[in-house]
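In case you want the letters, here they are:
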Amino acid sequence: MRIITTAKIKIKNNPILIETMKQYSKAVSYIADKGFNNKIYRRYGLHRLIYYEARDKFNLPSQFIINAIRVASQALKSIRKNKGSKPEFKEFLPLDFDKKSFTFHNNKVRLLTINKCRIDIPIEIPEYYWKYLDWGYQTAKLIQDRKGRSFIYITFRRDINLISANGRSIGIDLGINNIAVTSDKKFFNSKKIKKKRIMFKRLRTKLQAKGTKSAKRLLKRISGREKRFMAWVNHNISKEVVSSLEPGDTIVMENLKGIRKIRKGKRFNYWLNRWSFNQLQRFIEYKSVREGIKVIRVNPF
């Protein structure tokens with residue numbers, strides 16, 4: 001079985017990388033404008049229309065232009081489907097690298113940049129990711145966040161042989177009052193989490209009532225904060241569940257497909273629709289696979 005993980009590593013801002021990202025974003029915008037004006041939305045049509053012109057205009061390696069065409073095509077198809085206006089793009093779009101355009105070492109990465117130059121970027125890998133250093137590296141993505149910080153996301157891959165289930169089995173029940181309960185009597189209570197989510201709900205209600213542009217911007221930021229909070233909670237729960245088991249053990253979870261269709265009153269339905277059961281199950285599943293622990297899903301009844 002093949003498993004994949006991604007390491008997020010902060011790097012120092014480099015003027016060459018910044019310029020490469022800026023030119024790449026300009027290339028995506030330029031290609032999308034040309035496609036929109038010529039009513040060409042498909043990737044191969046855009047390639048024939050603009051590839052050589054864009055490569056010369058922005059001094060980018062061919063791989064980046066091909067990626068720019070792909071991104072522009074996706075945006076054009078989306079606005080065509082939804083009958084939107086000409087697409088607009090951020091100043092710094094994520095920049096993708098494959099094994100032809102980057103190499104990875106434990107203390108540096110070598111990246112292809114503008115004018116086909118390759119530069120070495122020193123990196124310091126957080127201790128959490130050391131366990132993945134003997135895996136095969138695959139791709140990388142360069143990102144600049146809203147605060148102007150640069151990060152590189154490196155994807156690692158490993159093929160593993162699943163261990164036969166010959167150990168103990170534990171069941172995990174998911175719910176509203178207790179996010180998760182295991183059959184070996186571990187309870188993950190949702191009381192503090194509910195309080196946090198009620199706070200988010202009240203803040204959303206106030207901002208929606210206000211309706212100003214600044215309120216809408218803040219509303220979007222709050223939505224992102226709430227999602228990140230729940231992901232953090234689910235990561236911690238899944239980590240604690242999996243760390244208590246050994247290779248060869250089995251986790252049994254409910255198949256929750258169709259759970260949103262349950263109706264038991266307004267309050268219950270609110271929490272049911274806001275809860276991220278599927279995300280928690282996915283986190284448990286991928287962490288289990290890495291440790292050689294089998295996961296099966298059964299009918300809730």
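Structure's up top.
What comes next is a walk through the structure. (Residues numbered from 1 in each chain as written. Predicted model: local features only at pLDDT ≥ 70, side-chain atom pairs only at ≥ 80, totals over all residues. Heavy atoms only, no water.)

Some remarks on the sheet that holds strand E3 (residues 102-105)
Strand-to-strand pairing in sheets goes through backbone hydrogen bonds, with the strands running parallel or antiparallel.
Link 1 in the chain: Strand order in this open sheet of 3 strands is E3-E4-E5, and the pairing throughout is antiparallel. Two strands lie at the open edges of the sheet, namely E3 and strand E5 (118-122), each paired on one side alone. On average, each strand axis in the sheet is tilted by 15° relative to the strand beside it, whichever way the strands run.
Link 2 in the chain: Of the pairings in the sheet, the one linking E3 to strand E4 (residues 108-112) comprises 4 bridges and is antiparallel in character. Counterpart to His105 in the pairing with E4 is Lys108. (Pairing = 2+ DSSP bridges. Helix = DSSP H or I, 4+ residues; strand = E, 2+ residues; numbered from the N terminus. Axes fitted to C-alpha atoms, helices over the stretch in contact; angles between N-to-C directions.)

A word on the pairing of E4
Consecutive side chains along a regular strand alternate between the two faces of the sheet.
Link 1 in the chain: Counting the residues that bridge the hairpin from E3 to E4 gives 2 residues.
Link 2 in the chain: Where E4 hands over to E5, the hairpin turn is made up of 5 residues, of which Asn115 adopts a positive phi near 60°.

Observations regarding the environment of Lys194
Link 1 in the chain: Relative to the helices and strands, Lys194 is located in helix H4 (residues 191-210).
Link 2 in the chain: Lys194 sits in the buried class, given a relative accessible area of 16%.
Link 3 in the chain: Separated by 172 residues in sequence, Lys194 and Lys22 have C-alpha atoms that sit 42 Å apart. (Buried < 20%, exposed > 50% of the residue type's maximum accessible area, 1.4 Å probe, protein only.)

As for unusual backbone geometry
Link 1 in the chain: For Asn115, which is not glycine, the phi torsion reads 60° and is therefore positive.
Link 2 in the chain: Structurally, Asn115 can be placed in the loop between E4 and E5.
Link 3 in the chain: One non-glycine residue, Lys116, lies in the positive phi region at around 65°.
Link 4 in the chain: Tracing the backbone through its elements, the reader meets Lys116 in the loop between E4 and E5.

Regarding the pattern of salt bridges
Link 1 in the chain: What the rule picks out here adds up to 10 salt bridges.
Link 2 in the chain: Close ionic contact of Asp145 with Arg149 constitutes a salt bridge, the shortest N to O distance being 2.7 Å.
Link 3 in the chain: Judged by its relative accessible area of 23%, Asp145 is partly exposed.
Link 4 in the chain: Residue class for Arg149 comes out partly exposed when judged on its relative accessible area of 34%.
Link 5 in the chain: Linking Arg204 and Glu226 is a salt bridge whose minimum nitrogen-to-oxygen distance equals 2.5 Å. Of this pair, Arg204 sits in helix H4 while Glu226 sits in helix H5 (residues 213-243), and the two are 22 residues apart along the sequence. Just as Arg204 is buried, Glu226 falls in that class too.
Link 6 in the chain: The structure contains a network of salt bridges with shared partners spanning Arg70, Asp96 and Lys141. (Salt bridge = Lys/Arg side-chain N within 4 Å of Asp/Glu carboxyl O.)

Quick look at the environment of Ala140
Link 1 in the chain: Mapped onto the elements, Ala140 comes out in strand E6 (residues 136-144).
Link 2 in the chain: The exposure class of Ala140 is buried, given its relative accessible area of 2%.
Link 3 in the chain: Apart from the residues within four sequence positions on either side, Ala140 is in contact with Leu95, Asp96, Phe97, Phe102, Ile152, Tyr153 and Ile154. (Contact = heavy atoms within 4.5 Å.)

Points about H5
Link 1 in the chain: Taking 1.5 Å of rise per residue, 31 residues should cover 45 Å, and H5 covers 45 Å from first to last C-alpha, within 8% of that figure.
Link 2 in the chain: Those residues of H5 that sit buried are Ala215, Ile222, Glu226, Phe229, Met230, Ala231, Val233, Asn234, Ile237, Ser238, Val241 and Val242. (Expected span 1.5 Å × (residues − 1).)

Description of the sheet that holds E6
Link 1 in the chain: Here 4 strands make up an open sheet; going across it, the order is E1-E7-E6-E2 and the pairing antiparallel. The outermost strands of the open sheet, each flanked by one partner alone, are strand E1 (2-11) and strand E2 (95-97). Direction aside, the axes of adjacent strands within the sheet are offset by 20° on average.
Link 2 in the chain: Sheet analysis places E6 next to strand E7 (residues 150-159), joined by 7 bridges and oriented antiparallel. By the bridge assignment for E7, Ala140 is matched with Ile154.

In short, shape yes, function no, at least from these values alone.
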